[in-house]
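The chain contents come next:
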Amino acid sequence: MNSTWEDFLRTEGAVFESGVVQHFGHPEVELKAAQADTVISDLSHLGLVNVSGTDATSFLQGQFTNDVTKLSASLVQYSALCSPQGRMLANFLIWQDADSYFLQLHPGLTEAIAARLARFILRAEVIIKNTTDDWVRFGIAGQNAAEIVRPLVPSLPEGKMHVVNIPGLQIIRLDEQRFQINTATAQAPALWKRLNASGQAVGEAIWRWLSIQSGIPEISPATQDKFVPQMINFDLIDGISFKKGCYTGQEIVARTHYLGKLKRRMYRAHVNGTSAPQAGDPVFSADLGDQASGMVVNAAPAPGGGFDVLASIQISSASTESLHWKTPYGELLTLQPLPYPV
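Residues numbered from 1 in each chain as written. Predicted model: local features only at pLDDT ≥ 70, side-chain atom pairs only at ≥ 80, totals over all residues. Heavy atoms only, no water.

Student: Describe the sheet that holds strand S6 (residues 88-97), and please don't skip the residues or the numbers.
Tutor: What the five strands build is an open sheet, ordered S5-S6-S7-S4-S8; its pairing is antiparallel. Here the strands that pair on one side only, and so sit at the sheet edges, are strand S5 (77-82) and strand S8 (127-130). Ignoring strand direction, the axes of neighbouring strands in this sheet form an average angle of 30°. Sheet analysis places strand S4 (residues 47-52) next to strand S7 (residues 100-105), joined by five bridges and oriented antiparallel. Residue pairing in the sheet places Gly47 in a bridge with Leu105 of S7. With respect to the sheet, helix H4 (residues 110-119) is in contact with S4, S5, S6, S7 and S8, its orientation differing from that of S8 by roughly 170°. (Pairing = 2+ DSSP bridges. Helix = DSSP H or I, 4+ residues; strand = E, 2+ residues; numbered from the N terminus. Axes fitted to C-alpha atoms, helices over the stretch in contact; angles between N-to-C directions. Contact = heavy atoms within 4.5 Å.)

Below, the structure is given as structure tokens:
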């Protein structure tokens, strides 16, 4: 994290662990606020890779699942990098800024993915940099988020996955109630104070919980190379283009789509108890006995106690209503609806 920004957040009451904001002094209050109020969360812990150069567009078009040519000054997208076997190595929120692209991803994958992309540059005019500390990013979410953000720009982003740019400031509308703000370090403190006056500052886990409620997965080191994109609903959140040209892993992803061979989907579920599920934990079901029927993708503490998770599960097992976390007799997973049909 940018040291100047970290120092400011500490003056605002931020409690850090391993460079990540855990909370602002009142974790239980903050968790409840995520459910009913408007919250503001630092996102500087997320990795940020910049890809620039005259060949950046064509280069990324041959690497990612989504159609990079559809990005613009007003549109952002989800996309993913796959192995030749069609398994996800990372997924991104990706946006364009002038002639370059920013890829926001799990912090534990940032350096490895930047290095992997760099290996494929060959003679292309492309520059890849880790720019995690170059921009301050924070999210704001809740029923009043749009009204709080509105005074910052002449007009709000038109809808989901749209962005508005003004000098030194980007506002991305992730969905109806979640926004991401990217700004320069110099103006970030004043902007944070302005937004925080109408919201509750919260830690990283709460933003993760909000992403889980929205059904947006994040590949981490524990789940890297585990899923074909459709297994974690990447097609359902418009993270795949089936009309673009070839990219690494495209044959497997397309075959899964056109031949209807998908056996797993991602579901949202609740787990009771005090032990926190982790990405990569197995999920079991009564129909498969000792054989795992799925895997936890993401997890976060839930406002009412216990934990909410996104888990990729065998479609046939998801209807058994007897899903267990970590062992065949572990805590039950209670399925909850996603904001889109599965």
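Having seen it, we continue.
Student: Tell me what's going on with the nonpolar core, and back it up with residues and numbers.
Tutor: Core analysis: the biggest nonpolar cluster contains 68 residues, and Phe64, Ile113 and Ile128 have the highest contact counts within it. The greatest single-element share of this core, amounting to seven residues, is contributed by S6. Residues in contact with Ile128, not counting those within four places in the same chain, are Val49, Asn50, Val51, Phe59, Ala114, Leu117, Ala118 and Ile121. (Core = buried A, V, L, I, M, F, W, Y, C linked by side-chain atoms within 4.5 Å. Buried < 20%, exposed > 50% of the residue type's maximum accessible area, 1.4 Å probe, protein only.)

Student: So what's going on with helix H6 (residues 188-196)? Residues and values would help.
Tutor: The complete set of buried residues in H6 reads Ala188, Leu191, Trp192, Leu195 and Asn196. Viewed along the axis of H6, the buried residues span an arc of 125°, placing them on a single side of the element. (Arc of directions from axis to C-beta.)

Student: Residue-level account of the packing of helix H1 (residues 3-11) against H6, with values.
Tutor: In contact at an axis separation of 10 Å, H1 and H6 are set at 30° when each is read in the N-to-C sense. Helix-helix and strand crossings are classified by hand; for H1 and H6 the assignment is right-handed. Contacts between H1 and H6 involve Trp5, Phe8 and Leu9 from the first element and Ala188, Pro189, Trp192 and Lys193 from the second. Its residues assigned to classes, the contact of H1 with H6 shows six nonpolar, no polar and one charged. (Left-handed = near helix turned anticlockwise from the far one by under 90°. Nonpolar A, V, L, I, M, F, W, Y, C, P; charged D, E, K, R; others polar.)

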